[in-house]
Amino acid sequence: MGLEIQLNEHNKQEYPPMHTVEHILNQTMVRMFGCPRSKNAHIERKKSKCDYLLQEEPSAEMMAEVERRVNEIIDQHLPVTIEFIPKTEAGAIVDLSKLPDDASDMLRIVRIGNYDACACIGTHVSNTSEIGHFKMLTYDYTEGRLRMRFKLIE
Ligand SMILES: [Zn+2]
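Read on for an overview of the structure. What you see is a predicted model; the values in this text were computed from it and never measured.

Quick notes on the coordination of the zinc ion
At 1.9 to 2.2 Å from the zinc ion lie its protein donor atoms, namely His 19 (NE2), His 23 (NE2), Cys 120 (SG) and His 124 (NE2). Coordination at the zinc ion is tetrahedral: its 4 donor atoms span angles of 101 to 120° at the metal. Sequence spacing among the residues donating to the zinc ion works out to H-x3-H-x96-C-x3-H. Placement of both His 19 and His 23 in helix α1 (residues 16-33) is noted, with a separation of 4 residues, approximately one turn of the helix. In this structure, His 19 and His 23 share a single accessibility class: buried.

Next comes the structure, spelled out in structure tokens:
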């Protein structure tokens, strides 16, 4: 009986601090812009990128605010916890729209404090204090797609 599901192509070797900050960044983008979580992310130890679908190009001030909020969450030293929840109950907590039809009945839900909850099979840090800090490197906006590149610093 498999409890874990494959939500999308997921590299289990992902660097846990970088992958965990991806969750925080996704939730921050959802809250600030009302956009979906990134469906096209490339997470590497040294440098990562995430794409977001936005109707308008964000201002430089908004992008600086994204970085500030992500670090504000990190600095709260939130616990990262994992629980298994029946699929029938998980819809109230996380977006199930990307779930494959053959997903198992129990979903692995990753929570970052009370800030974010996401069905994920990846590897995460156990507390946001292990992440370091989030540094946005560059971003560009083309035809409704914001591409953001970032790294982690001390
Ligand atoms: Zn994850």
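There is more to say, and it comes next.
Describing the sheet that holds strand β3 (residues 80-86)
The strand order β3-β4-β5 describes an open sheet built from 3 strands, whose pairing is antiparallel. Of all strands in the sheet, those bounded by a partner on one side alone are β3 and β5 (116-119). Each adjacent strand pair in this sheet contributes to an overall mean axis angle of 30°, direction not counted. In the sheet, strand β4 (residues 106-112) pairs with β5 via 4 bridges, with the strands oriented antiparallel. Bridge assignment links Ile 109 to a residue of β5, and that residue is Ala 119. Where α1 meets the sheet, its contacts fall on β3, β4 and β5, and the angle it forms with β4 comes to roughly 80°.

Some details on the pattern of salt bridges
Inspection of the entire model under this criterion finds 8 salt bridges. A salt bridge links Arg 68 to Glu 72, with the nearest nitrogen and oxygen atoms 3.1 Å apart. Linking Arg 68 with Glu 72, this pair stays in helix α2 (residues 60-74), spanning 4 residues, or about one helical turn. The exposure class of Arg 68 is partly exposed, given its relative accessible area of 41%. Within this structure, Glu 65, Arg 68, Arg 69 and Glu 72 form a network of salt bridges that share partners.

Let's talk about the environment of Lys 49
The topology assignment puts Lys 49 in strand β2 (residues 48-53). On the basis of relative accessible area, Lys 49 is assigned to the partly exposed category, the value being 28%. A C-alpha to C-alpha distance of 24 Å links Lys 49 and Arg 108, two positions 59 residues apart in sequence. Excluding its chain neighbours within four sequence positions, the residues that come into contact with Lys 49 are Asn 40, Ala 41, His 42, Arg 147, Met 148, Arg 149 and Phe 150.

Remarks on the pairing of strand β6 (residues 133-142)
Across 9 bridges, the pairing between β6 and strand β7 (residues 145-153) is antiparallel. Note on β7: the bridge partner recorded for Phe 134 is Leu 152. Taking the residues that link successive antiparallel strands as the turn, the β6-β7 hairpin has 2 residues, and the phi of Glu 143 there is positive, at about 45°.

Topic: the sheet that holds strand β1 (residues 40-42)
Read across the sheet, 4 strands follow the order β1-β2-β7-β6 without closing on themselves; strand pairing throughout is antiparallel. Here the strands that pair on one side only, and so sit at the sheet edges, are β1 and β6. The sheet shows a mean angle of 20° between the axes of neighbouring strands, taken without regard to direction. Across the sheet, α1 is in contact with β1, β2, β6 and β7; its angle to β7 comes to roughly 135°. In the packing of α2 onto the sheet, contacts are made with β6 and β7, and the angle to β6 comes to roughly 150°.

Let's talk about the pairing of β5
Of the two faces of β5, both are covered, the one formed by Asp 116 and Cys 118 as well as the one formed by Ala 117 and Ala 119. The antiparallel hairpin formed by β4 and β5 contains 3 residues in its connecting segment, where Gly 113 sits at a positive phi of about 50°.

Parameters at a glance
- Residues numbered from 1 in each chain as written.
- Predicted model: local features only at pLDDT ≥ 70, side-chain atom pairs only at ≥ 80, totals over all residues.
- Heavy atoms only, no water.
- Donors = N, O, S within 2.8 Å, 3.2 Å for Na, K, Ca; no water.
- Tetrahedral: all angles 85-135°; square planar, octahedral: opposite > 155°, others 65-115°.
- Helix = DSSP H or I, 4+ residues; strand = E, 2+ residues; numbered from the N terminus.
- Buried < 20%, exposed > 50% of the residue type's maximum accessible area, 1.4 Å probe, protein only.
- Pairing = 2+ DSSP bridges.
- Axes fitted to C-alpha atoms, helices over the stretch in contact; angles between N-to-C directions.
- Contact = heavy atoms within 4.5 Å.
- Salt bridge = Lys/Arg side-chain N within 4 Å of Asp/Glu carboxyl O.

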